[in-house]
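Each chain is listed here by its residues.
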Amino acid sequence: MTNEAIPPRIHVLAKPAGAACNLNCAYCYFLNKERLYPGSRFRMSDEVLKNYISQLIESHRTDKVAVAWQGGEPTLMGIDFYRRAIELQEKYRRPGMTFENTMQTNGTRLNAEWCEFFRENNFLIGISIDGPRELHDAHRVDKRGQPTFDRVMRGLRLLQKHGVEYNVLVTVNRINADHPREVYRFLRDEVETSWIQFIPAIERLKDGAVSLNQEGTTVSERTVEPEQWGNFLMAIFDEWVRHDVGKVFVQTFEAAVRNWLGLGSSGMCVFDPTCGHGLALEHNGDLYACDHFVEPKYLLGNIRQRHMTDLVGSEQQRQFGRDKLDTLPRTCCECEVRFACHGECPKNRFLTTADGEPGLNYLCAGYKSFFHHIDRPLKIMAQLLRRGSEAAQVMQVLDQLDAGPAAAFAKVGRNEPCPCGSGFKFKKCHGRDGINRYKTARVQPVRRSQTPARADALEQITSENP
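The structure displayed is predicted, hence computed values, not measured ones.

Chemist: Looking at this structure, how should I read the side chain of Arg 204?
Modeler: With respect to the helices and strands, Arg 204 occurs in strand E7 (residues 204-206). Polar side-chain contacts of Arg 204 include one of 2.9 Å to the backbone oxygen of Gly 216. Contact partners of Arg 204, with chain neighbours within four places excluded, come to Ala 209, Val 210, Ser 211, Gln 214, Glu 215, Gly 216, Thr 218, Lys 347 and Phe 350.

Written out as C-alpha cells, the structure reads:
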C-alpha cells in the first residue's frame, strides 16, 4: 500500500467506554449502539489501549498527534486508565513528537482530581451544554430522568478554577433552536467560553422508531427543522459578526471563513468535498469508518487483528470518503453555495431533490439561507485577511457601512480595497462613480463557475436596485 492512500495524520475518536453513559439525553444517537455489543462490560482493555496508542503513533507521518477520547461518557473509565494512556504515549513517541489529548464529556463527574490531571497533561476538554437551565434540561437528563444543568455547570466551573483549557458543544434541537441569542449570550456572558461548536440534532426514524443505523427518511419530534437551523445560525452570526469576531470562535463560522478564502480544507469534515479521515474506535478495538456510522456495514476491522494503517488505507475506507463527492445530486453540484457546503454530512442526505434524485441533505434549506446571509460580511473578512489585516476589522467596516456611504468611504485611498467587500480597488468600484452609487449597489451571489480563492471573482457590484 502506498503512502498516498493514507493521510499523513489521521483522527480517531476513541470510545474506551463504548456507548456507556451516566446520562440519558433524549436525542443521543449513540446510546443505542450498546445493542451492537450485547453482554459487553464496555471497558477498553489494556491490550486494546496499547494497540491503539502505538498504532496511532505509527500511522502518523507528522510530529503532532491528536488523541481524542469520547463516548458515551469517557470519564467512566477512571483517571488511572488515562494515566496509562499518557505513559504509553511517552513510551512509543518518536523524538520531537507532541500529543494533544482531547476529551468530550458531559462534565457531571468532574472533580478536583480530574481537573488537576487535565491541567498537568494539557488536555483540551469539550463540555456538552445546551444553553440556560430550562433549555439544557429539556433533553439532557440522567438515568432517572432528573435534570443535569447544575452538575454540568459545577464541572465547568471546576475546569475554569483549575485553568483547564475547554470549549463548549451545543446540540441544537427543536427546543433550543428557537432561542439562538439566548443560547449564544448565555455561553458568551455566563459560561464565559470563547470557543463554541453547534451540532444539529437529527434523529432518523424507521417504522416510527429511532433507527440503530442510518436509515429512514422521517425524523423525530426532537430533530431540529431545516429552516429553524438556518435561522438559528443566522441570528447568532449577526450577533457575532457585529460584536465578537476575534473574541469568540464559533466552529461553523470559522469553517465558513476558510471556505470563503478558498483554502484547501474548512477544518470541519462536514464542509469538505470528501471525508473518511475521522474514524471511530470502539472499546474492543473495532474501527469504524466514522463516528456517525458505527454500524456493521461500516466496520473496517479490529486493530487487534489488522494494523490501523491498513484499515485506514483500505479500499473500503477510501471509497467511503469518495462517496461523499461522487453521490452529490445534480442540484447540489449546480448550487451557488456548494463551495461552502459540499452537501454537508452524508448521514443527513436522506431526502430527494425536486427532480426526484436521492441524496439531498435534510438541512439543505437552512444551510442555503445561512450561506447566502453571511456572504457579504464573509467577503469583507476574506478581503481583510488577504491584505494582512485582522478579520475583526469587519466589525468596524460594517459599522461604517451602516453609518452611510460618506462615513464608509471618506478615508479610503484610491488604490485600497473598497470597503463594500467587492474585492476591487476603491477607484474601480465606488470611488469611480461616486459614493452615492452605494445606495443602489447589490451584492450578487457567488456563481458556480467562480473560484472562491480569487478576490476579483468573489463579488459583483451592479447598479440594479436590490
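Chemist: Please explain unusual backbone geometry as it appears in this structure.
Modeler: Comment: phi is negative for the bulk of residues other than glycine, and the bulk of peptide bonds are trans. Following Gly 71, the chain continues into Gly 72 via a peptide bond in cis, with omega recorded as 15°. Phi angles above zero are rare outside glycine, and Phe 42 is one such case at about 55°. Structurally, Phe 42 is set in the loop between strand E1 (11-14) and helix H1 (46-58). For Phe 42, a relative accessible area of 9% translates into the label buried. You will see that Glu 344, though not glycine, has its phi angle at about 50°, which is positive. Structurally, Glu 344 can be placed in the loop between helix H12 (338-341) and strand E14 (351-352). Given a relative accessible area of 3%, Glu 344 falls into the buried group.

Chemist: Looking at this structure, I do not really get empty space enclosed by the protein. What am I missing?
Modeler: Empty space among the atoms becomes apparent when a probe as large as a water molecule is rolled across them. In total, this model carries three cavities of 30 Å³ or more according to the counting rule given. For the largest cavity, the calculated volume is near 150 Å³. Surrounding the largest cavity, 14 residues form its lining, Cys 332, Cys 335, Cys 341, Gly 343 and Cys 364 being those nearest its centre. Listed by contribution, the elements that provide at least two residues to the lining of the largest cavity are helix H11 (330-333), H12 and helix H13 (364-373).

Conventions used here
Residues numbered from 1 in each chain as written. Predicted model: local features only at pLDDT ≥ 70, side-chain atom pairs only at ≥ 80, totals over all residues. Heavy atoms only, no water. Helix = DSSP H or I, 4+ residues; strand = E, 2+ residues; numbered from the N terminus. Polar contact = N/O pair within 3.5 Å; in protein donor to acceptor, adjacent residues only side chain to side chain. Contact = heavy atoms within 4.5 Å. Buried < 20%, exposed > 50% of the residue type's maximum accessible area, 1.4 Å probe, protein only. 1 Å grid on protein atoms, 1.4 Å probe; cavity = no way out; pocket = protein on both sides within 12 Å on 5 of 7 lines; lining within 4 Å. Points joined across faces, edges and corners; volume = space filled by probe spheres on them.

Function-wise, these values are silent; they only describe arrangement.
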